[in-house]
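# Reading the structure
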Amino acid sequence: MKNLVILGATGSIGDSTLKVIRKHPDKFKVTALSAHSNVDKIIQLANEFQPEHVVITGKAALHKVEQALSGLKTQVHGGKNSLNAIVSDKQVDLVVAGIVGNAGMESVLAAVAAGKTLLLANKEALVVAGELVMPLAKKTKANIIPLDSEHNAIFQCLGNGYEAGVRPDGVNSITLTASGGPFWEMDETLFESITPAQAVAHPKWNMGAKISVDSATLMNKGLEVIEAYWLFNIASEDINVLVHPQSIIHSMVNFIDGSVLAQMGCPDMQIPISHGLGLGQRLGNDADFLDLLQQKQLTFYQADSHKFKCLQLARHALSLGGTAAAILNAANEISVASFLKGQIRFDQIAQINDRMMNAIQSVNVESVAQLNDLDEEVRMKTKAAINSK
Ligand code: NDP
Ligand code: MG
């Protein structure tokens, strides 16, 4: 029996994780859950799983959840620091990092500092703080298992050849596949009229709003290039990106002898999550089995990083190093949120991200406090840039 903490339990990764957990009550005990603002859902989940701890990071939600759960043994905590405490608890074996954005960064670091097995969905934590996370994991022997479908695919293809942060032997390059999102075939001149509703309607994956917009701008693939750089210690030039609209091959490893291993499956996050939770043992889930006869065609296209500038910006951030990726991430979190609120157009997301990267100088990564200050500074400057338009 493994004791499990789910950070971001009320989100899409939380949903997929809990679907798998429900199938294996003999293998996992949910000891803590976190939520930010979704009061009804966390109350329902707390009643169902009766965890020892619930953390509510959104101020407005805390009191309501405390009241609603007063009849349970579950302790309700508020604030970001409580996330760090629940992941560091001695009895915890596995931490699922499913918070969206840089808000999840400190709890990822806390899980790594405590030497836990970290099942990582929160890619922004590595994008922003990879330079702190990876050496710390080496020191504490924390096991970082990627849940992001592409990185989990590569992890599966590498088998025993995977050690977080170490370039695997015999690998020539890796290929991340991208669905391309809803607009990869659309003429760029039409980007300015894309609505938030169109952008979040992903053709293959059912995900939270932020990552859905990132998929539509290909920023998600850019963030994933950076994520792959940290997880597998592979240079940007050895990380290929291919648009594969069917989303059946989740990524590939190209070995030096010409062998290519790919991992396939239906586009359902229960699959990589089951693999991560199983720690080497296969776990059943509710995802559909792949029927290649139904599928018929698997196609591949070059990713267009001129049309989808965010992909280019991410590679540029990786080449600059230091805090460049943290700057890009913070700018992108604000530009995506502003797009979702109807304050900027779809095509302005990349423009604003580009502008902020040019406006703020990258420096060496030194500490969490420095990254938090920088995150706040970039957010403020990005909002100011948006408001001045
Ligand atoms: P969702 O928006 O669906 O869920 C986000 C979760 O984070 C919710 O539980 C939310 O709480 C919580 N949250 C939001 N803001 C904060 C905050 N400021 N502090 C603490 N918690 C917060 O996102 P997804 O599940 O789609 O994505 C989660 C992460 O996983 C992202 O980093 C994403 O890139 C990655 N990922 C997601 C995939 C997917 O299929 N969804 C696939 C691969 C990676 P509440 O709802 O209570 O407000
Ligand atoms: Mg992915």
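Quick summary incoming for the structure in this document. (Residues numbered from 1 in each chain as written. Chains lettered and ligands numbered in written order. Predicted model: local features only at pLDDT ≥ 70, side-chain atom pairs only at ≥ 80, totals over all residues. Heavy atoms only, no water.)

## A word on the coordination of the magnesium ion (ligand 2)
Filter applied, for reference: Any N, O or S atom lying within 2.8 Å of the metal counts as a donor, and for Na, K and Ca the limit rises to 3.2 Å; water is left out, so some sites can look incomplete. The cut-offs for exposure are 20% and 50% of the maximum accessible area for each residue type, with area from a 1.4 Å probe on protein chains only; residues under the lower value are buried, those over the upper are exposed, and the others partly exposed.
Around the magnesium ion (ligand 2), the protein supplies Asp-148 (OD), Glu-150 (OE) and Glu-224 (OE) as donor atoms, at distances of 2.1 to 2.2 Å. When the donor residues of the magnesium ion (ligand 2) are listed from N- to C-terminus, their spacing reads D-x1-E-x73-E. Judged by its relative accessible area of 7%, Asp-148 is buried.

## Some points on the packing of helix H13 (residues 309-320) against helix H15 (residues 346-359)
The condition that has to hold: Helix axes use the C-alpha atoms of the stretch in contact, all axes being lines fitted to C-alpha atoms, and the angles between their N-to-C directions lie in the range 0 to 180 degrees. Counting from the N terminus, the helices are the DSSP runs of H or I reaching at least four residues and the strands are the DSSP runs of E reaching at least two. The cut-offs work like this: below 35 degrees is roughly parallel, past 145 is roughly antiparallel, 65 to 115 is roughly perpendicular, and the gaps in between are oblique. Here a crossing is called left-handed whenever its near helix is offset anticlockwise from the far helix by less than a right angle, and right-handed whenever the offset is clockwise. In this analysis, two residues are considered to be in contact whenever any of their non-hydrogen atoms come within 4.5 Å of each other. Gly is put with the polar residues, along with every residue not named as nonpolar or charged; the nonpolar set is Ala, Val, Leu, Ile, Met, Phe, Trp, Tyr, Cys and Pro, and the charged set is Asp, Glu, Lys and Arg.
As a packed pair, H13 and H15 sit with axes 9 Å apart at the nearest point and diverge in direction by 20 degrees. One finds that H13 runs roughly parallel with respect to H15. Considering how the two elements wind past one another, H13 and H15 form a crossing that is left-handed. Taken together, the residues of H15 that come into contact with H13 (itself represented by Lys-309, Cys-310, Leu-313, His-316, Ala-317 and Leu-320) are Ala-350, Asn-353, Asp-354 and Met-357. A class-by-class count of the residues in the contact of H13 with H15 yields six nonpolar, two polar and two charged.

## Regarding the packing of aromatic side chains
Selection criterion: Planes of paired rings set the category: under 30 degrees apart is stacked, over 60 is edge-to-face and the rest tilted, where pairs are Phe, Tyr or Trp rings (Trp by its six-membered ring) whose centres lie within 6.5 Å.
Applying the stated criterion across every chain, the model contains eight aromatic pairs. Ring centres of Phe-183 and Phe-346 lie 5.3 Å apart, and the angle between their planes is 75 degrees; this geometry places the pair in the edge-to-face category. Highlighted residues: Phe-183 in the loop between strand S8 (171-178) and helix H8 (196-200) and Phe-346 in helix H15, separated in sequence by 163 residues. Using a relative accessible area of 4% as the deciding quantity, one classes Phe-183 as buried. Judged by relative accessible area, Phe-346 falls into the buried class, the value being 3%. Ring geometry for Trp-184 against Tyr-301: centres 4.8 Å apart, planes inclined by 45 degrees, an arrangement best described as tilted. Of this pair, Trp-184 sits in the loop between S8 and H8 while Tyr-301 sits in strand S12 (residues 301-302), placing them 117 residues apart in sequence. Overall, the relative accessible area of 36% leaves Tyr-301 in the partly exposed class. Connected via pairs of aromatic rings, a cluster forms that spans Phe-183, Phe-191, Phe-308, Phe-339 and Phe-346.

## With respect to the packing of helix H14 (residues 324-340) against helix H16 (residues 368-387)
Between H14 and H16, the shortest axis-to-axis distance is 8 Å and the interhelical angle comes to 40 degrees. Comparing the axis directions of H14 and H16 gives the class oblique. With respect to the hand of their crossing, H14 and H16 are arranged in right-handed fashion. Facing H14, whose interface residues are Ala-326, Ile-327, Ala-330, Ala-331, Glu-333, Ile-334, Ser-335 and Ser-338, H16 presents Leu-371, Leu-374, Asp-375, Val-378, Arg-379, Thr-382, Lys-383 and Ile-386. Classifying every residue of the contact of H14 with H16 by side-chain character gives nine nonpolar, three polar and four charged.

## Here we look at the environment of Lys-210
Relative to the assigned elements, Lys-210 resides in helix H9 (residues 209-217). By relative accessible area, Lys-210 is classed as buried at 13%. As a C-alpha pair, Lys-210 and His-250 span 40 residues in sequence and 20 Å in three-dimensional space. Residues in contact with Lys-210, not counting those within four places in the same chain, are Val-100, Glu-124, Leu-223, Asn-329, Asn-332, Glu-333 and Val-336.

## Some details on the site of ligand 1
Rule in force here: Neighbouring residues are identified by heavy atoms, a residue being near a molecule or strand if any of them is within 4 Å of it. Polar contact criterion, stated in full: a pair of N or O atoms within 3.5 Å, where within protein one must be able to donate a hydrogen and the other to accept it, and residues adjacent in sequence count only if both atoms are side-chain atoms. Note on areas: Shrake-Rupley, 1.4 Å probe, and residue coverage restricted to the protein chains presented here. Domains are outlined according to an automatic or database domain assignment.
Not every one of the 24 residues close to ligand 1 is listed here, only the nearest: Thr-10, Ser-37, Asn-38, Glu-124 and Gly-208. One nitrogen or oxygen atom from the main chain of Asn-38 is found 2.9 Å from an oxygen atom belonging to ligand 1. Taking Gly-208, its main chain carries an N or O atom lying 2.9 Å from an oxygen atom of ligand 1. The protein chains hide 86% of the 890 Å² of surface that ligand 1 would expose on its own. Among the elements of the structure, helix H1 (12-23) and helix H6 (123-140) are those that each provide at least two residues to the shell around ligand 1. Inspection of the shell around ligand 1 shows a minimum of three residues originating in each of domain 1 (2-146) and domain 2 (171-266 + 292-387).

## Points about the sheet that holds strand S6 (residues 117-120)
Our working definition: We treat two strands as partners when DSSP finds at least two bridges between them.
The parallel open sheet is built from seven strands, whose spatial order is S4-S3-S2-S1-S5-S6-S7. In this open sheet, the two edge strands, each paired with only one partner strand, are strand S4 (75-78) and strand S7 (143-146). Each strand axis lies, on average, 20 degrees off the axis of its neighbour in the sheet, ignoring direction. Judged from the four bridges that link them, S6 and S7 form a sheet pairing that is parallel. Bridge assignment links Thr-117 to a residue of S7, and that residue is Asn-143. Seen against the sheet, H1 touches strand S1 (2-7), strand S2 (28-35) and strand S5 (94-97) and runs at an angle of roughly 160 degrees to S1.

## Quick notes on a nonpolar patch on the surface
Our working definition: Distance thresholds for patches are 9 Å for like charges and 5 Å for nonpolar side chains (Val, Leu, Ile, Met, Phe, Trp, Tyr), applied to residues having over 30% relative accessible area and no salt bridge. Whenever a carboxyl oxygen of Asp or Glu lies within 4 Å of a side-chain nitrogen of Lys or Arg, that contact is scored as a salt bridge.
A contiguous nonpolar surface patch, about 320 Å² in accessible area, is contributed by Met-264, Leu-292, Leu-298 and Phe-300. With respect to the secondary-structure elements, Met-264 resides in strand S11 (residues 260-264).

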